[in-house]
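Single-letter residue listing:
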Amino acid sequence: MAPRPKSHPSETDEFCTKIVEAVAEREQCDTTELPPLYDTIDPAAITGLFGSTPTHSRPAGRLTFEYCEYRVAVDAGGSVSITPRE
């Protein structure tokens, strides 16, 4: 099996920043007051699923996980939605 192409670190930062900022906005707090995202999910995994590679743009798909009492949904287009966990 060929090694998976690495995505650019700024894509990881882009997704993670969007997620943490969205939760901080909902919580009305600073992003530094939230637990690290990597305690919940590997940020590189998000980029691995949706990040661009030298030969392909972002694929279709959606990833959902829980972070700070919220259900976080990230889609391949870079959209992040946050809803309270039930």
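We now turn to the structure provided with this report. (Residues numbered from 1 in each chain as written. Predicted model: local features only at pLDDT ≥ 70, side-chain atom pairs only at ≥ 80, totals over all residues. Heavy atoms only, no water.)

## Focus: the sheet that holds strand E3 (residues 80-84)
Move 1: A sheet is described by the order of its strands in space; here three strands give the open sequence E1-E2-E3, paired in antiparallel fashion. Because the sheet does not close on itself, it has two edges, and the strands there are strand E1 (62-67) and E3. Taken pair by pair, the neighbouring strands of this sheet meet at an average axis angle of 20 degrees, ignoring direction.
Move 2: Pairing of strand E2 (residues 70-75) with E3 involves five bridges; the strand directions are antiparallel. Looking at E3, one finds that Ala 73 is bridged to Ser 81. (Pairing = 2+ DSSP bridges. Helix = DSSP H or I, 4+ residues; strand = E, 2+ residues; numbered from the N terminus. Axes fitted to C-alpha atoms, helices over the stretch in contact; angles between N-to-C directions.)

## Some words on the pairing of E1
Move 1: Only one face of E1 is buried: it carries Leu 63, Phe 65 and Tyr 67, and the other face, with Arg 62, Thr 64 and Glu 66, is open.
Move 2: Sheet topology places E1 next to E2; six bridges connect them, and they run antiparallel. Directly across from Phe 65, in E2, lies its bridge partner Val 72. (Buried < 20%, exposed > 50% of the residue type's maximum accessible area, 1.4 Å probe, protein only.)

## Considering the pairing of E2
Move 1: Connecting E1 to the next strand, E2, in antiparallel fashion are two residues, including Cys 68 with a positive phi near 55 degrees.
Move 2: Joining the antiparallel neighbours E2 and E3 is a turn of four residues, in which Gly 78 adopts a positive phi near 95 degrees.

## Considering unusual backbone geometry
Move 1: Its identity as a non-glycine residue notwithstanding, Gln 28 has a phi of 55 degrees, on the positive side.
Move 2: Considering the arrangement of structural elements, one finds Gln 28 in the loop between helix H1 (9-27) and helix H2 (43-50).
Move 3: In this structure Gln 28 comes out as exposed when scored by relative accessible area, which is 74%.
Move 4: The backbone of Glu 69 shows a phi angle near 70 degrees, a positive value even though the residue is not glycine.
Move 5: Position of Glu 69 relative to the elements: it lies in the loop between E1 and E2.
Move 6: The class of Glu 69 is exposed, set by a relative accessible area of 53%.

## Here we look at the nonpolar core
Move 1: Counting 19 residues, the largest nonpolar core has Ile 19, Leu 37, Ile 46, Phe 65, Tyr 67 and Val 74 as its most contacted members.
Move 2: Elements that contribute at least two residues to this core include exactly H1, H2, E1 and E2.
Move 3: Sorting elements by how many residues they give to this core places H1 first, with six residues.
Move 4: Discounting residues that sit within four places of it in the chain, Leu 37 has contacts with Cys 16, Ile 19, Val 20, Phe 65 and Tyr 67. (Core = buried A, V, L, I, M, F, W, Y, C linked by side-chain atoms within 4.5 Å. Contact = heavy atoms within 4.5 Å.)

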